[in-house]
Amino acid sequence: MKLRVVGLSILLVLPFLADSLVKAQENEKADSLFNVINHSKDDKAKAGALLVLAKDFTNSRQYDSALLYNNKARELSIKIKDQAGLAETYKIEYLIFKARTDYLSAKKAIFRFIQLVKPLNDSVKLNIGYYNYAGILQHHGEIDSVCYYLHECLKMNKNLKNPLTDVGCYNILGMINIDLARYDSAVFYYMQAIKVAREAEMAHLLGRLYNNLGKSYKNLEDYDIALKYLAMAREYNSTYKDTMALAWCYEFMGEVFQKQHKLDQALNYFDKSYAMFKIYGEIREIIDLYQSYGLLYKQKGDYTLALKNYKKALAYYKSQDLADGTIVTMKNMGDIYKRMNNYKLAGAYLDSSLNIAVSKGFKHHQMDIYTSLHLLYYHAGDYRQAYDYQTEAILLQDTLFNLDKAQLIEEMTLKFDREQDQLRILALEKENLQKDLSIKQRTIQRNALLSSVLILLIVAVFLFVFINQRRRKDRIIAQQKIQQLEEEKKLLAAKSLVEGQEEERKRIALELHDGLGVLLSATKMQFTSIRDTS
């Protein structure tokens, strides 16, 4: 029992210990950076430390501290004329203002970042700048500029081969086409993004992409397919714990049920989404939800609640100069006031909405507003004005049809040209491949020949050295044999000399022996004769 209690105590304490260790490491890192800032004499090192601190505070959502250290880093970068460091400060500033949903300031910051990076010839940073600038421009409804910067990104990515940016570009192009009511094109771009993400094994992005694909099918009024992709999105977002994407998923599912007039289910999903966005303080997403709530309550006939939500959304859109949101919200408010028989306010909101749509070139919005104005004046009994606006709506519809038709033809032509280009490129690649294979074969043959010659040379050198060594060895052996024979000859000569001398000695000794024997015999005989005589 005691062991169980101890074990539980350890399990309870471990998370706190882990958290303490992480905090200790963060504090140690911060102390190290502050030490560099306070004591280093190198201004570039100080600026680098300040930038790291600014990034850390941005990531931890302490935006006031982040701005403070970022501004100090900027001052030092200007002082030491470090253009790369200065550009980095504007990038951090962009991230801070974007997180605070201050899109006007974010737009200025990222544009300044691009201006500073261009002379540095840093294509990676420039690509990042273009991509983020396109995203900010999208919030302001500057569609042509958005498309320009996104296509610049995609061009640069052919060399950089950055699948993440490709996915982002296709995703934003999909969003633009949704805004322009080109939902088939939006589906195409989202499919492209999903294809790139799958090939690059970036499964963590699939949840968000399926969110947008489901939204596109919702706009195409193919609700079953929309719910199918949104269910896939929910699964991916839950698996990878992407809370923001899950909140979007619930919002889009609510919109699908709203389109199917299943208002209670729609309200349930909107509430789930709202709760998640509120936790993270995502103002822009909450404002978009106010739009959805407004439309839902309008469908329910609760115009007071609908107007309340629309007014909250409109105040934000105006403060951020967001044209698309402003147009849609004012049009919806005009429609509600028309239903409440307040034709004067309805006309004011619809006229204001139309003026913005015309100034921004949002023709699909113009057509919807003309239709709303036609219905307004029809219900007000001003049939002349109603007829005029209906005529404008029909003419614009024809224009949009012709534009869409022309664009479709242009897109098909471009697609055909691209396919032809691809075929030419493939043919050239095939030709180049054949040339490369031919060159490789010749190279292999040449290398084989050179290798053979080299091997033969090596063998020849080896044989030459071997034979030369063998000859030297044989010569040395022959000389040794000659010396041995000469020595043996000398030994034989010496032996013969010694033997001759020995034979001579024997002969001389024998002669002396024989001579002395005779002499002694003669002497003996003489002594004998003398003795006999005596």
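Numbering of residues begins from 1 in every chain and follows the order in which that chain's sequence is written. Given that this is a predicted model, residues contribute local features only at a pLDDT of at least 70 and side-chain atom pairs are listed and counted only at 80 or more, while totals for whole chains, interfaces and linings are drawn from all residues. Based on all heavy atoms of the structure, the side-chain values leave hydrogens and waters out of the count.

This brings us to the overall build of the protein chain. Secondary structure is summarised from DSSP: a helix means a run of H or I of at least four residues, a strand means a run of E of at least two, and numbering begins at the N terminus for each. Each helix and strand counted, the protein chain has 19 helices and zero strands in total. In the protein chain, which comprises 534 residues, the share counted as buried stands at 36%. Working rule for contacts: check all heavy atoms of both residues, and any pair within 4.5 Å makes them a contact. Sequence-distant contacts, at least 24 apart, represent 53% of the contacts inside the protein chain between residues at least 6 apart. Residue-level accessible areas treat just the shown protein chains as cover; the underlying method is Shrake-Rupley with a 1.4 Å probe. On the protein chain, roughly 33300 Å² of surface is accessible, and the fraction owed to carbon and sulfur atoms is 58%. Buried means the residue's accessible area, taken with a 1.4 Å probe over protein chains only, is under 20% of the maximum for its type, while exposed means over 50%, and partly exposed covers the values in between.

So, on to the packing of helix α13 (residues 263–280) against helix α14 (residues 283–300). Between α13 and α14, the least distance of the axes is 10 Å, while the angle of their chain directions is 160°. Of the possible angle classes, the one that applies to α13 and α14 is roughly antiparallel. Here α13 runs over α14; the crossing is left-handed. Residues Leu263, Asp264, Ala266, Leu267, Phe270, Asp271, Ser273, Tyr274, Phe277 and Lys278 of α13 touch α14, and the partners they reach there are Glu285, Ile286, Leu289, Tyr290, Ser292, Tyr293, Leu296, Tyr297, Gln299 and Lys300. Of the residues contributing to the contact of α13 with α14, the split by class is twelve nonpolar, three polar and five charged. To obtain an axis, a line is fitted to C-alpha atoms, over the contacting stretch when the element is a helix, and the angle between two such axes runs from 0 to 180 degrees between their N-to-C directions. Under this scheme an angle from 65 to 115 degrees is roughly perpendicular, one under 35 degrees roughly parallel, and one over 145 degrees roughly antiparallel; angles in between are oblique. The handedness criterion is simple: a crossing whose near helix is rotated anticlockwise from the far helix by less than a right angle is left-handed, and one whose near helix is rotated clockwise is right-handed. Residues are grouped as follows: Ala, Val, Leu, Ile, Met, Phe, Trp, Tyr, Cys and Pro are nonpolar; Asp, Glu, Lys and Arg are charged; all remaining types, including Gly, are polar.

The subject of this paragraph is the side chain of Glu93. Structurally, Glu93 is set in helix α4 (residues 83–99). If we ignore the near neighbours within four places in the chain, the residues touching Glu93 are Leu67, Asn70, Asn71, Arg74 and Ala109.

As a further point, take a nonpolar patch on the surface. Among the surface-exposed residues, Ile455, Val459, Phe462, Leu463, Phe466 and Ile467 lie close enough to one another that they form a single nonpolar patch of about 580 Å² accessible area. Relative to the helices and strands, Ile455 resides in helix α19 (residues 383–533). Patch membership requires more than 30% relative accessible area and the absence of a salt bridge. Residues of like charge join within 9 Å; the nonpolar side chains Val, Leu, Ile, Met, Phe, Trp and Tyr join within 5 Å. By definition, a salt bridge exists where a carboxyl oxygen of Asp or Glu is found within 4 Å of a side-chain nitrogen of Lys or Arg.

If you trace the backbone, Arg61 turns up in the loop between α2 (43–59) and α3 (63–80). Of the residues examined, Arg61 reaches a relative accessible area of 44% and is grouped as partly exposed. Along the chain, Arg61 and Ala99 lie 38 residues apart, while their C-alpha atoms are 8.4 Å from each other.

This part is about unusual backbone geometry. Of note in the backbone geometry, Lys81 takes a positive phi value of approximately 60° without being a glycine. Here Lys81 lies in the loop between α3 and α4. In the Ramachandran plot, His261 falls in the positive-phi region, its phi being about 65° despite a non-glycine side chain. By the element assignment, His261 lies in the loop between α12 (243–259) and α13.

The subject of this paragraph is the environment of Ala99. Looking at where Ala99 falls in the secondary structure, it is placed in helix α4. Put simply, Ala99 and Thr58 are 41 residues apart on the chain and 8.9 Å apart in space, counted from C-alpha to C-alpha.

A word on the environment of Arg234. Within the element layout of this structure, Arg234 appears in helix α11 (residues 223–239). Put simply, Arg234 and Cys249 are 15 residues apart on the chain and 6.3 Å apart in space, counted from C-alpha to C-alpha. Excluding its chain neighbours within four sequence positions, the residues that come into contact with Arg234 are Leu246, Cys249, Tyr250, Met253 and Tyr269.

Here we take up the side chain of Ser273. Among the structural elements, Ser273 can be located in helix α13. Since its relative accessible area comes to 0%, Ser273 is described here as buried. Those residues in contact with Ser273 that sit more than four places away from it in its chain are Ala247, Tyr250, Glu251 and Leu289.

Turning our eyes to something else, we now look at the confidence of the model for the protein chain. Residue-level confidence of the predictor, termed pLDDT, takes values from 0 up to 100. Of the residues in the protein chain, 87% have a pLDDT of 70 or more, and the chain-wide mean is 82. Model confidence for the protein chain, summarised as mean pLDDT per element, is weakest for helix α1 (residues 2–39) at 45 and strongest for α11 at 94. Counting contacts from residues 1–26, a segment whose pLDDT is below 50, to residues more than four positions away or on other chains yields zero contacts.

Okay, the nonpolar core next. The biggest cluster of nonpolar side chains holds 109 residues, and the ones touching the most others in it are Leu150, Val167, Ile176, Leu213 and Leu373. Tallying contributions element by element places α12 first for this core, with eleven residues. Those residues in contact with Leu150 that sit more than four places away from it in its chain are Tyr131, Ala134, Cys169, Ile172, Leu173 and Ile176. Among the buried residues, those of types Ala, Val, Leu, Ile, Met, Phe, Trp, Tyr and Cys that are joined through side-chain atoms within 4.5 Å form a nonpolar core.

Relative orientation of the contacting elements helix α5 (residues 103–117) and helix α6 (residues 123–139) amounts to 155°, with a least axis distance of 9 Å. Our classification of the angle between α5 and α6 gives roughly antiparallel. Considering the relative orientation of α5 and α6, their crossing is left-handed. Two secondary-structure elements touch here, α5 through Tyr103, Ala106, Lys107, Ile110, Phe111, Phe113, Ile114 and Val117 and α6 through Lys125, Leu126, Gly129, Tyr130, Asn132, Tyr133, Ile136, Leu137 and His139. Counted by class, the contact of α5 with α6 contains twelve nonpolar, three polar and two charged residues.

Let us now look at the state of the cysteines. Disulfides are defined as cysteine sulfur pairs within 2.5 Å. Taken as a whole, this structure holds zero disulfides when the rule is applied. Of the cysteine sulfurs around Cys153, a residue in no disulfide, the closest is that of Cys169, at 4.2 Å.

Once their charged atoms are close, side chains differing in charge can pair, the charge on each being opposite to the other. For the structure shown, the criterion picks out 15 salt bridges. A salt bridge links Asp43 to Lys79; its shortest N-O distance comes to 3.4 Å. Taken together, the residues span a long stretch of sequence, with Asp43 in helix α2 and Lys79 in helix α3 at a distance of 36 residues. With a shortest N-O distance of 3.7 Å, Lys155 and Glu152 are connected by a salt bridge. A residue pair is termed a helical-turn pair when its members lie 3 or 4 positions apart in one helix, as Lys155 and Glu152 do in helix α7 (residues 143–160) at three residues. Look at Lys155 and you get exposed, because its relative accessible area is 52%. Its relative accessible area of 19% is what places Glu152 among the buried residues.

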